[in-house]
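Residue-level listing of the chains:
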Amino acid sequence: MKEKMILIAFCMTIMFCMSACSGNTINSGDNQNAVTEISTSENVETESSEENVMSEGTAMYQMAEKDESADDEAVGDSTMIMMIDGTKVNVEWEDNQAVERLRDMAKDGDITIQMSMYGGYEQVGSIGQSLPRDDKQTTTSSGDIVLYSGNQMVVFYGSNSWSYTRLGHISDKDEAEMADLLSQGDVTITISTE
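Below is a summary of the structure that appears in this document. (Residues numbered from 1 in each chain as written. Predicted model: local features only at pLDDT ≥ 70, side-chain atom pairs only at ≥ 80, totals over all residues. Heavy atoms only, no water.)

1. Describing helix 3 (residues 97-107)
And step 1. For helix 3, every residue scored as buried is listed here: A98, V99, L102, R103, M105 and A106. The arc enclosing the buried residues of helix 3, seen along the axis, measures out at 160 degrees, which places them on a common side.
And step 2. Two or three places before A98, at the start of helix 3, stands the capping residue N96, its side-chain oxygen 3.2 Å from that residue's backbone nitrogen.
And step 3. Backbone geometry just downstream of helix 3 places G109 in the positive-phi region, at approximately 150 degrees. (Buried < 20%, exposed > 50% of the residue type's maximum accessible area, 1.4 Å probe, protein only. Helix = DSSP H or I, 4+ residues; strand = E, 2+ residues; numbered from the N terminus. Arc of directions from axis to C-beta. Polar contact = N/O pair within 3.5 Å; in protein donor to acceptor, adjacent residues only side chain to side chain.)

Right, here's the structure in full:
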């Protein structure tokens, strides 16, 4: 990142230096017209060089932006996969500190959570450590995944109202499919990264 910023600053410096060097040459004498033509020709060449430097600078800046976003994707956004008793489910994960911490944990090895049925509408299990909390009063729906008390994952196949930190939502199962997955007894959830 630092190298890219230095490269951009260098290109901008060259561009400013070239624009400072351009200008009309003033010469006295009998050949004023010839000098003016040469001066105009030099200005055209200088402007052309400035345009090239500007386009190269812009191109380098755009390449730096692309590289930076590619680096961000490669470093920070490993995809997390959730399995419920061996069934893969598609999760739309939230963008918050709790999910970032969960992702970091999964990078160190699969997270296995033993879940227990609770209340006839959810499965609850200990994550094994506390995650950052941002609890808000929430009414959940089937497929919602939340953090309770900082260290418990809750997956809903029904609805409840409480103060939770949202972790994500299972997007490929409807309410009946969620009930089939979660209402038959305790389950094991595995979270891993690809």
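2. Let's talk about the pairing of strand 8 (residues 144-148)
And step 1. Buried residues dominate strand 8, accounting for four of its five residues.
And step 2. Note: strand 8 against strand 10 (residues 161-170), four bridges, orientation antiparallel. Bridging across to strand 10, D144 finds its partner in H169.
And step 3. With four bridges connecting them, strand 8 and strand 9 (residues 152-156) associate as antiparallel partners. Looking across to strand 9, one finds that L147 is bridged to M153. (Pairing = 2+ DSSP bridges.)

3. Thoughts on the nonpolar core
And step 1. Counting residues in hydrophobic clusters, the biggest one holds 29 residues, and the most contacted among them are M82, M153 and I191.
And step 2. Counting residues per element, this core draws most heavily on helix 3, at five residues.
And step 3. For M82, the contacting residues outside a window of four places in its chain are T87, K88, V89, V91, W93, I145, M153, I170, I189, T190 and I191.
And step 4. Core analysis: the second largest hydrophobic core is formed by five residues, V124, V146, V154 and Y164 among them. (Core = buried A, V, L, I, M, F, W, Y, C linked by side-chain atoms within 4.5 Å. Contact = heavy atoms within 4.5 Å.)

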